[in-house]
Amino acid sequence: MWMNMREEAVKIFEDARSEGRGFLLEHEAKRLCSLYGLPVTKIFLATSEEEAVKAAGMIGFPVVLKIVSPQVLHKSDVGGVIVDVRDEAGVREGYRRIVKNVAERVPGAEVRGILVQEMAPRSTEVIVGSSRDPTFGQTIMFGLGGIFVEILKDVSFRLVPITRRDAEEMIREIRSYKILEGARGMPKADQEAIIEILLGTSRMLMDCPEIKELDMNPILVYERGAKIVDARVIMD
Ligand code: ADP
Ligand code: MG
């Protein structure tokens, strides 16, 4: 049966809530993002080594492997992310290594499987996020990834919904804007792709009051196009 976006989104939130979870797992968050046209990596949830090998074959090497567990919100902190996996042996070894790492570092964690995904080539990293201001409501944030956001706090904010004009301004008003223009040998970033992500995120936030916090970090931006490689959603 055909379902509209909102119905599908509600189902994603309800499935999480029915397990008493207050956040979406990465594959659920990416599914939600893709409903609103946001460019996420190809993903496949594998529940066995065999399935992971098959998934990697369908996606194409290299791939990235990630833990899927309701007890793990920050995956790389617990050895739950392996990038640049190049062949079948690597998938098998990686699958086992992630399960082992998580068992050691988060005793009792329930492993739902391993998320196999397309490996996005390195490029300029940006982040788009959202949190709820108690007075003004849902906000949207934009910045460059890594030290720019963590140390320099070089980000821009708006309340949602935003217009195309707002999105353009959000991009231009960060202090490190020149990096997106290709300063210091960086590749020139596709600003139109970033604008589309900001507008799609704004639509998703307007449509989904269940989202208390959103963190798409990092998003890799190319000369043409962009790819969201991690997405986290905390629910109300
Ligand atoms: P965490 O839950 O720790 O934030 P991420 O999903 O962000 O985990 O993965 C950690 C890092 O691995 C990312 O910051 C990014 O540098 C890299 N990475 C993750 N997924 C991909 C991908 N599909 N393609 C390329 N790099 C990736
Ligand atoms: Mg991340």
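Placed above this text is the structure.
A. Representation of the environment of Ile82. Here Ile82 shows up in strand β4 (residues 81-85). Owing to a relative accessible area of 11%, Ile82 belongs among the buried residues under this scheme. With 15 residues separating them in the primary sequence, Ile82 and Ile67 have C-alpha atoms 9.2 Å apart. Leaving out residues up to four positions away in the same chain, Ile82 has contacts with Val63, Val64, Leu65, Gly94, Arg97 and Ile98.

B. Broad picture of the site of ligand 1. Within the structure, ligand 1 sits among 19 residues, and Lys66, Ser76, Glu118, Ala120 and Asp230 are positioned closest to it. A distance of 2.9 Å is found between a nitrogen atom of ligand 1 and a side-chain nitrogen or oxygen belonging to Gln117. Within the backbone of Ala120, one N or O atom sits 2.8 Å away from a nitrogen atom of ligand 1. When residues of the shell around ligand 1 are traced back to their parent elements, those giving at least two are β3 (63-68), β4, β5 (113-118) and β9 (211-221). Among the residues making up the shell around ligand 1, the classes are represented as eight nonpolar, five polar and six charged. Counting only domains with at least three residues in the shell around ligand 1, you end up with domain 1 (42-119) and domain 2 (124-235).

C. Local environment of the coordination of the magnesium ion (ligand 2). Surrounding the magnesium ion (ligand 2) are the protein donor atoms Asn217 (O) and Asp230 (OD), which sit 2.1 to 2.6 Å from the metal. Taken together, the residues Asn217 in strand β9 and Asp230 in the loop between β10 (226-228) and β11 (231-235) connect sequence positions 13 residues apart. When its relative accessible area of 27% is taken as the criterion, Asn217 is described as partly exposed. Overall, the relative accessible area of 10% leaves Asp230 in the buried class.

What counts and how
Residues numbered from 1 in each chain as written. Chains lettered and ligands numbered in written order. Predicted model: local features only at pLDDT ≥ 70, side-chain atom pairs only at ≥ 80, totals over all residues. Heavy atoms only, no water. Helix = DSSP H or I, 4+ residues; strand = E, 2+ residues; numbered from the N terminus. Buried < 20%, exposed > 50% of the residue type's maximum accessible area, 1.4 Å probe, protein only. Contact = heavy atoms within 4.5 Å. Near = heavy atom within 4 Å. Polar contact = N/O pair within 3.5 Å; in protein donor to acceptor, adjacent residues only side chain to side chain. Nonpolar A, V, L, I, M, F, W, Y, C, P; charged D, E, K, R; others polar. Domains from an automatic or database assignment. Donors = N, O, S within 2.8 Å, 3.2 Å for Na, K, Ca; no water.

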